[in-house]
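Here is what each chain is made of, one letter per residue.
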There are 2 protein chains.
Amino acid sequence: MHALTGDSHAAGFYEPSDKQPGWWDIMIGPGKGMDTDRYFVICANVLGGCMGSTGPASVNPATGKPWGSAFPVVTIGDMVAAQKKLVEHLGITRLLSVIGGSVGGMQALEWAVRFPEMVASAVPLATTTKHSAQAIAFNEVARQAILADPAFCGGDYYESGIPAHGLAVARMIGHITYLSDEAMREKFDRRLQDRCDISFDFEADFQVESYLRYQGGKFVDRFDANSFLRMTRAADYFNLEKAWGNDSAVAAFTRATCPFLVVSYTSDWLYPTYQSKAMVQAMKKNGLDVSFVEIEASFGHDAFLLPNERMTKLLQGFLDRVHGSLHEEGGHAL
Amino acid sequence: MHALTGDSHAAGFYEPSDKQPGWWDIMIGPGKGMDTDRYFVICANVLGGCMGSTGPASVNPATGKPWGSAFPVVTIGDMVAAQKKLVEHLGITRLLSVIGGSVGGMQALEWAVRFPEMVASAVPLATTTKHSAQAIAFNEVARQAILADPAFCGGDYYESGIPAHGLAVARMIGHITYLSDEAMREKFDRRLQDRCDISFDFEADFQVESYLRYQGGKFVDRFDANSFLRMTRAADYFNLEKAWGNDSAVAAFTRATCPFLVVSYTSDWLYPTYQSKAMVQAMKKNGLDVSFVEIEASFGHDAFLLPNERMTKLLQGFLDRVHGSLHEEGGHAL
């Protein structure tokens, strides 16, 4: 399952002209963490998104125009319920593993608790059972940047022009939280962009400023502001403990039955390791089979998207073990 | 010296109707960290600000209108140079101590290096010798929020109406960086604001959202967007090492002569302790008299503004010692 603004194109190239492979190409393919010589990989765009599944930019059949503001706020649970329908449509009754990082990890957790009979294992990476106040705060500021853009027009901007400025600022905020103090120092430090000295104005003097502006601008070309609002809201609303356990993580995981591989990253300050540890503890109190690893990485939250030999081996070994134990159970249930 | 958006009203009440005392009332007053029974305290609004000193909202005598976009980007050095003129105007040749936190701490460091003969000691709190890439990144996004507001009008908005939306978003970003993950969890967690359940829209469901919106709105009433742009730029441009030491902190502090009290706070992730430790190391390599303390506090960067018995005692003891050694030097030089 993809993260906040990802899509169904998880690996490989669709067209020879594609500049980039799918967002998790480092992990999905022959011989990779998810070995496509052994397993089928399904990745769908989330409900409410703008990269394939129905979302606010989709046409409302009743009006012939985009849903816009009329499109509802969806939850991680809604996304997973839609994914279940896809899986059933494909004639599959059980998945070897539900795997995702960040908001994709929330979906993995939701799958394991909502449809335990359909998942043989789950791999939530760099994620949390409930969005923290700080994570909500960043999303809220990003949303306010969009809502403050006069072009937003209450969400019905598809004919009048998109809220590009607000969406760019929103994305810039996100990008800071995906990196880390250390990663930014390594990547940019105080280096200047295409100039020998500071400008004494408000141009992008520093490389980090130029990087953020570039990321903001690029995002506007590919993502819909209404979807962004709903994706961030779904993340903020995500609270597995409340939804399934009456505010108790231990109670929520009583519904789960499968083995888990939980991974956090040392420099991830958006979903810090202590949050993964808390979910692992709740899983273990339910006697679940849990492997937990904190991976040393300076890249921040984005680390789960970057090549990491240890992560690849962990996932290979975990899937291998789950696959083997299913065969021992005596079936080709997958 | 005050921080980014502070002012000259550092302590006490100006009017009986004031709801709040000055921004550092916990530290300044009879018997407090800066004991006004023993010492005179001077606090001036910084150059380029909007709370007393000349800034972009001030009237340009040549046009009879506010400076607006014509007001230059000023540096921390410019602010300190202006403060020196004030001090000289008051007939003072030497200051017992230059004290400030955050951007005020940058000014304290600048004072100690730029005008070493005028300062008998310096107390930089929760600050850095050079703004990190991450700190620049947050300021840049805040500026972009303002620049993206159509009401900004290139900075000449005093007649047409202020860029209130952009400025509010900018302030919200700042407020996240002034707290900490832990502080936000303690203060807000996922508690809802004036409602029993989530709204499934984009209202301020969570207390943390309501808090940020309130802070953003309040800021718009008291602060000028053009000053905000210049204050953040001054912080980003601050690089004591480059300005005075050819990119070496050790070289920069060869100019300093006074004792320092350097304080950092455990949960301050805007100017983390490692940055204070680096400056302390550079000071010590110059044989300077340095006291360094990292204070345990969960409040994040804002901790320096909050009551802390240890900080109060540290400052009292430090000023007492500096004051005593000056008298031993044989003079009432202050």
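Residues numbered from 1 in each chain as written. Chains lettered and ligands numbered in written order. Predicted model: local features only at pLDDT ≥ 70, side-chain atom pairs only at ≥ 80, totals over all residues. Heavy atoms only, no water.

### Quick notes on the overall build of chain A
Put simply, the rule reads: Counting from the N terminus, the helices are the DSSP runs of H or I reaching at least four residues and the strands are the DSSP runs of E reaching at least two. For the radius of gyration, the atoms used are the C-alpha atoms, and the globule rule reads 2.2 Å times the number of residues raised to 0.38. Accessible area is worked out with a 1.4 Å probe on protein chains only. A residue is then buried under 20% of its type maximum, exposed over 50%, and partly exposed in between. Shrake-Rupley sampling with a 1.4 Å probe provides the accessible areas, and residues are treated as covered by the protein chains on show and by no other component.
If you tally the helices and strands in chain A, you get 11 helices and eight strands. For 334 residues, the compact-globule estimate of 2.2 N^0.38 gives 20 Å, and the C-alpha radius of gyration of chain A, at 20 Å, lies within 12% of that figure. Considered along the principal axes of its C-alpha atoms, chain A spans approximately 70 × 50 × 45 Å. Counting only residues that meet the buried cut, chain A has 57% of its 334 residues in that class. If you sum the accessible surface of chain A, you get close to 13600 Å²; carbon and sulfur atoms cover 53% of it.

### Observations concerning the packing of helix 1 (residues 76–89) of chain B against helix 2 (residues 103–114) of chain B
Two numbers describe a pair of packed helices, the interaxial angle and the distance between the axes. Residue and element names in this part refer to chain B. Basically, it comes down to this: The axes used here are C-alpha line fits, helices contributing only the stretch in contact, and every angle between their N-to-C directions lies in the interval 0 to 180 degrees. The scheme is simple: roughly parallel for angles under 35 degrees, roughly antiparallel for over 145, roughly perpendicular for 65 to 115, oblique for anything else. A crossing counts as left-handed when the near helix is turned anticlockwise from the far one by less than a right angle, and as right-handed when that turn is clockwise. Residue contacts are counted whenever heavy atoms from the two residues lie within 4.5 Å of one another. Under this grouping Gly is polar, as are all residues other than the nonpolar Ala, Val, Leu, Ile, Met, Phe, Trp, Tyr, Cys and Pro and the charged Asp, Glu, Lys and Arg.
Remark: helix 1 packs on helix 2, axes separated minimally by 9 Å, with the N-to-C direction vectors making an angle of 70 degrees. The orientation of helix 1 with respect to helix 2, classified from their angle, is roughly perpendicular. Where helix 1 crosses over helix 2, the handedness of that crossing is right-handed. Together, Ile76, Gly77, Met79, Val80, Ala81, Gln83, Lys84 and Val87 of helix 1 and Val103, Met106, Gln107, Glu110, Trp111 and Arg114 of helix 2 make up the contact between the two elements. The residue inventory of the contact of helix 1 with helix 2, partitioned by class, reads eight nonpolar, three polar and three charged.

### So, the environment of serine 8 of chain B
All names here are of chain B. Looking at the element boundaries, serine 8 is found in the segment before strand 1 (28–29). Expressed as a C-alpha distance, the spacing of serine 8 and tyrosine 158, which sit 150 residues apart in the sequence, is 23 Å. Filtering out sequence-adjacent residues up to four positions away, serine 8 remains in contact with His2, Tyr14, Cys43, Ala44, Asn45 and Met51.

### Looking at the pattern of salt bridges
Our working rule: Any Lys or Arg side-chain nitrogen located within 4 Å of an Asp or Glu carboxyl oxygen qualifies as a salt bridge.
The full count for this structure, using the stated rule, is 32 salt bridges over all chains. Salt-bridge contacts for lysine 84 of chain A lead to glutamate 88 of chain A; the nearest nitrogen and oxygen are separated by 2.9 Å. Taken together, the residues span about one helical turn, with lysine 84 of chain A and glutamate 88 of chain A both in helix 1 (residues 76–89) at a distance of four residues. One salt bridge in this structure joins aspartate 181 of chain B and arginine 185 of chain B, with 3.5 Å as the shortest N-O distance. Of this pair, aspartate 181 of chain B and arginine 185 of chain B both sit in helix 5 (residues 181–187), four residues apart, which is roughly one turn of the helix.

### Thoughts on unusual backbone geometry
What you tend to see is this: most non-glycine residues have negative phi, and most peptide bonds are trans. Of note in this structure, serine 102 of chain A is not a glycine but carries a positive phi near 60 degrees. A relative accessible area of 7% places serine 102 of chain A in the buried class. Backbone geometry at phenylalanine 200 of chain B places phi at a positive 55 degrees, although glycine is not the residue there.

### What about the sheet that holds strand 8 (residues 290–295) of chain B?
Residue and element names in this part refer to chain B. Note the threshold: By this definition, two strands are paired if DSSP reports at least two bridges between them.
The strand order across the open sheet built from four strands is 5-6-7-8, with neighbouring strands paired in parallel fashion. Either end of the sheet is taken by a strand with one partner, and the two such strands are strand 5 (98–101) and strand 8. Sheet twist, expressed as the mean angle between neighbouring strand axes with direction ignored, is 10 degrees. Alignment of strand 7 (residues 260–265) against strand 8, held across six bridges, turns out to be parallel. Directly across from serine 264, in strand 8, lies its bridge partner glutamate 294. Here helix 2 sits on the sheet in contact with strand 5, strand 6 (122–125) and strand 7, set at roughly 150 degrees to strand 5.

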